[in-house]
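Summary of structural features
For reference, the chains in residue letters:
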Amino acid sequence: MLTNLSNHPVSSWPDEQYQYAFSRWGEVLDVPFPSVPPASDEADIMCRVRKYLELLPGKEAGPVFVSGEYSFTYAMADLLMKRGYRVMYAESENTLTLTTLEDGSTERRMAYRFIRFRDYQTLPEELERETAFEPVFLNGSFHYPSSGWDEEALKQASVYGRIEDLPIAPFQGTDEEQSALARGFLGKIDALRPSAVLLDGAFGTFYIMADALVRRGYTVLVKCSQRIAAEEKGQDGVHMKTSQYRFVRYRRVLPYAEETCGPEE
């Protein structure tokens, strides 16, 4: 069985994605991804992860597909992997179109074609922690150069220092090739020693980079936005998602920590 912890119930999956899952794991169990308000802080993320862990079957039932809001996804995947689960994401080919609307919000239209499910991975080696940081806010977004950010996003980013773009393209290839790409970008980031790094994009690339940076002691952030989204199945295996969103704040990405949430009420 494959457990589907995502915003997309199996009934909405492209045929190729469903057939891939069915041929390997048979049943797909939907566990709807939680709604994570932009105002949620890191402690709230940890509490949501603890709550949703109780909704998942045991690791012997099969892998868990985790895909949704980045900070929750990272903390949940981190916890599940440490507990011996097989945790997966969907690798796809994406085409993104961005449009700034008259009210200042941004419309994002994403077309993606499913390729396969892959295991989240981390760099296996020990990573020495960085302790000296420079006043730089590093934008690792592949699709969102800082030149297109709205005033509030720029204002909040500038608290960390000057803004520099280092777009991290989705990693392709074998696990070994993706690890090599992650090490390459980690070296570029180490050369700058930024006080904060913004990440988004393909989930596999996001996870391996976020994990490496957190282990190195960097502050890793994601954008939190108010968003309205609509989806439709296109032709020839192409799935279309249109989102309208407005930036609210940045939120830190952290591994799951029981003490951050506190005791259950």
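This is a predicted model, so every value here is computed, not measured.

Calculation notes
- In every chain, residue numbers begin from 1 and rise along the written sequence.
- Side-chain atom pairs in this predicted model are given and counted only at pLDDT of 80 or more, local residue features only at pLDDT of at least 70, and totals for whole chains, interfaces and linings cover all residues.
- For the side-chain quantities, the full set of heavy atoms in the structure was used; hydrogens and water were omitted.
- Helix numbering and strand numbering both begin at the N terminus, where a helix is a DSSP run of H or I of at least 4 residues and a strand a DSSP run of E of at least 2.
- A 1.4 Å probe rolled over the protein chains alone gives each residue an accessible area, and that area as a share of the maximum for its type sets the label: buried under 20%, exposed over 50%, partly exposed in between.
- Contacts are assigned to residue pairs that have any heavy atoms within 4.5 Å of one another.
- With residues, only the protein chains shown are counted as cover, and all accessible areas are computed by Shrake-Rupley using a 1.4 Å probe.
- The definition of a nonpolar core used throughout is a set of buried Ala, Val, Leu, Ile, Met, Phe, Trp, Tyr and Cys residues joined through side-chain atoms within 4.5 Å.
- The working definition used for a salt bridge is a side-chain nitrogen of Lys or Arg within 4 Å of a carboxyl oxygen of Asp or Glu.
- As used here, the arc is the angular range of directions from the helix axis to the C-beta atoms.
- Nitrogen and oxygen atoms within 3.5 Å of one another constitute a polar contact, given that in protein one can donate a hydrogen and the other can accept it, and given that sequence-neighbouring residues count only through two side-chain atoms.
- The aromatic pairing rule takes the rings of Phe, Tyr and Trp, using the six-membered ring of Trp, and pairs them if the centres are within 6.5 Å, calling planes under 30 degrees apart stacked, those over 60 edge-to-face and the rest tilted.
- Distance and angle both matter: a charge sits over a ring if NZ of Lys or CZ of Arg is within 6 Å of the ring centre and within 35 degrees of the ring normal.

1. Comments concerning the overall build of the protein chain
Within the protein chain one finds seven helices and 10 strands. When each of the 265 residues of the protein chain is scored for burial, the buried share is 49%. Taking the intrachain contacts of the protein chain between residues at least 6 apart in sequence as the baseline, contacts between residues at least 24 apart amount to 74%. Of the roughly 13,000 Å² of accessible surface on the protein chain, 50% is carried by carbon and sulfur atoms.

2. Looking at the nonpolar core
Leu5 and Met209 are the most contacted members of the largest nonpolar core, which has 51 residues in total. Secondary structure elements with two or more residues in this core: helix H2 (42–53), strand E3 (64–67), helix H3 (70–82), strand E4 (87–100), helix H5 (175–192), helix H6 (203–215) and strand E9 (220–233). Ignoring any residue separated from it by four or fewer positions in sequence, one finds Met209 in contact with Ile168, Phe171, Ala182, Phe185, Leu186, Ile189 and Leu199.

3. Topic: the pattern of salt bridges
Going through the model one piece at a time under the given rule, you end up with 13 salt bridges. Among the ionic pairs, Arg86 bridges to Asp119, the shortest N-O distance being 2.7 Å. In this pair, Arg86 is assigned in the loop between H3 and E4 and Asp119 in strand E5 (residues 106–119), connecting sequence segments 33 residues apart. On the basis of relative accessibility, which here comes to 29%, the residue Asp119 falls in the partly exposed class. Between Glu91 and Arg116 there is a salt bridge whose closest N-O contact spans 2.7 Å. With a gap of 25 residues between them, Glu91 in strand E4 and Arg116 in strand E5 connect regions that are remote in the sequence.

4. Some words on helix H1 (residues 15–25)
Each α-helix turn comprises 3.6 residues. Residues three or four places apart therefore point the same way. Three or more residues of H1 are buried, namely Gln17, Tyr20, Ala21 and Trp25. Considered in projection along H1, the buried side chains sweep an arc of 90° and stay on one side of the axis. Across H1 from its buried face, at more than 90 degrees, point the exposed residues Asp15 and Ser23.

5. A few points about helix H4 (residues 151–158)
Taken as a whole, H4 has its buried residues at Ala153, Gln156 and Ala157. Axial view of H4: buried residues confined to an arc of 100°, hence all on one face. Residues Glu151 and Lys155 are exposed on H4 and point more than 90 degrees away from its buried face. Here H4 starts with a cap whose side-chain oxygen sits 3.2 Å from the backbone nitrogen of Glu152, and that cap is Asp150.

6. So, the environment of Ser12
Among the structural elements, Ser12 can be located in the loop between strand E1 (2–6) and H1. Here Pro9 takes part through its backbone oxygen, which lies 2.8 Å from a polar atom of the side chain of Ser12.

7. Considering the packing of aromatic side chains
One pass over the full model with this rule turns up 22 aromatic pairs. Look at Tyr18 and Phe22: their rings are 5.8 Å apart centre to centre, the planes differ by 20°, and that puts the pair in the stacked class. Of this pair, Tyr18 and Phe22 are both found in helix H1, four residues apart, which corresponds to roughly one turn of the helix. With a relative accessible area of 33%, Tyr18 lands in the partly exposed category. Put simply, the rings of Trp13, Tyr20, Trp25, Phe65, Phe114 and Phe117 pair up and form one aromatic cluster. The ring of Phe185 carries the charged tip of Lys188 above its face, separated from the ring centre by 4.9 Å.

8. Quick notes on the side chain of Glu69
Structurally, the position occupied by Glu69 is in the loop between E3 and H3. For Glu69, a relative accessible area of 19% puts it in the buried group. At a separation of 2.9 Å, a polar atom in the side chain of Glu69 contacts the side chain of Arg251. Setting aside residues no more than four positions away along its own chain, Glu69 makes contact with Phe33, Val36, Ile45, Val222 and Arg251.

9. With respect to the environment of Leu181
Take Leu181: it is sitting in helix H5. Separated by 28 residues in the primary sequence, Leu181 and Met209 have C-alpha atoms spaced 9.7 Å apart. Once residues lying within four places of it in the same chain are set aside, the contact partners of Leu181 are Phe171 and Gln172.

10. What about unusual backbone geometry?
Although it is not a glycine, Arg193 adopts a positive phi angle of roughly 50°. Along the chain, the position of Arg193 falls in the loop between H5 and strand E8 (194–198).

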